[in-house]
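An overview of the molecular structure
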Amino acid sequence: MKLDISCIRDLLLCFEDCLILTDELEYKSIDLYEICQTENLQQYSRSQIAYTICKLEEADFINAYVQYGNNSISYIVVSSITFAGHQFLDTIRPESVWSKIHSISEKTGLKSISTIMDIAEIILPDTIKSAIT
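Residues numbered from 1 in each chain as written. Predicted model: local features only at pLDDT ≥ 70, side-chain atom pairs only at ≥ 80, totals over all residues. Heavy atoms only, no water.

**Some details on the overall build of the protein**
Under the convention used in this document: The numbering of helices and of strands both runs from the N terminus, where a helix is a DSSP run of H or I of at least 4 residues and a strand a run of E of at least 2. Burial classes follow relative accessibility: with a 1.4 Å probe on protein chains only, a residue under 20% of its type's maximum area counts as buried, one over 50% as exposed, and anything between as partly exposed. Should any heavy atoms of two residues lie within 4.5 Å, those residues are considered in contact. Reported accessibility uses the Shrake-Rupley method at a 1.4 Å probe radius. Residues are deemed covered only where the shown protein chains occlude them.
Summing up its helical and strand segments, the protein has six helices and five strands in all. For the protein, the N- to C-terminal ordering of α and β elements is α-β-β-β-α-α-β-β-α-α-α. When its C-alpha atoms are laid out on the principal axes, the protein stretches across 50 × 40 × 25 Å. Here the protein holds 133 residues, and 37% of them are scored as buried. Within the protein, residue pairs in contact and separated by at least 24 positions form 58% of the contacts whose partners lie at least 6 positions apart. About 8100 Å² of surface is accessible on the protein, with carbon and sulfur atoms providing 51% of the total.

Spelled out as structure tokens, the structure:
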């Protein structure tokens, strides 16, 4: 299965909006069913979302509980975005930056999370310079 970089970004944006720490200091988590019902994520299949969540958890971008059974995923719940996840999201959040990253990624065929970060590191200095001047 391919890792869809747009799905990565859309999931992180969804989690940023949906996951909260209550005044009682309890995390309000979200399960796979609720995630799939989110308006901005309906363009992705359930399997694509589940796969991407698993990869985001493996990359330590989110805290998630994934329950496996009989060679399948039986349950997924996401509780929070990690510091690394927030850093990554802040890098790819601006639509202008994301468009450039996505375009370069499509042209080169390089779509790993580490490559996206490498592309962002190249683009960000010019973006910052243009904002200052």
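Okay, back to it.
**Remarks on the layout of surface pockets**
Defined as follows: In this analysis the probe radius is 1.4 Å and the grid spacing 1 Å, with only protein atoms considered; a cavity is a set of points the probe fits into but cannot get out of, a pocket is an open set with protein on both sides within 12 Å along at least five of seven lines, and lining residues have an atom within 4 Å of a point. Grid points are joined across faces, edges and corners, and a volume is the space filled by probe spheres set on the points. Residue polarity follows a fixed list, in which Ala, Val, Leu, Ile, Met, Phe, Trp, Tyr, Cys and Pro are nonpolar, Asp, Glu, Lys and Arg are charged, and the others, Gly among them, are polar.
Put simply, the largest pocket is a space of about 220 Å³. Lining the largest pocket are Asp31, Leu32, Tyr33, Cys36, Arg46, Ser47, Ala50, Tyr51, Ile73, Ser74, Tyr75 and Ile76. Residue assignment for the lining of the largest pocket shows that the elements contributing at least two residues are helix H2 (32-37), helix H3 (46-58) and strand S5 (72-81). A class-by-class count of the residues in the lining of the largest pocket yields eight nonpolar, two polar and two charged.

**Concerning the sheet that holds strand S4 (residues 62-69)**
The line we're drawing: Two strands qualify as a pair provided DSSP detects at least 2 bridges between them. Only the stretch in contact is used when a helix axis is fitted, and all axes are lines through C-alpha atoms; the angle between N-to-C directions ranges over 0 to 180 degrees.
Judged by pairing direction, the sheet is antiparallel, and its three strands sit side by side in the order S3-S5-S4 without closing on themselves. One side of each edge strand has no neighbouring strand; the edge strands of this open sheet are strand S3 (30-31) and S4. The pairing of S3 with S5 spans two bridges and is antiparallel. Looking at the pairing, Asp31 lines up with Val77 of S5. Taken strand by strand, helix H1 (residues 5-18) contacts S3, S4 and S5, and its axis lies near 60° from that of S5.

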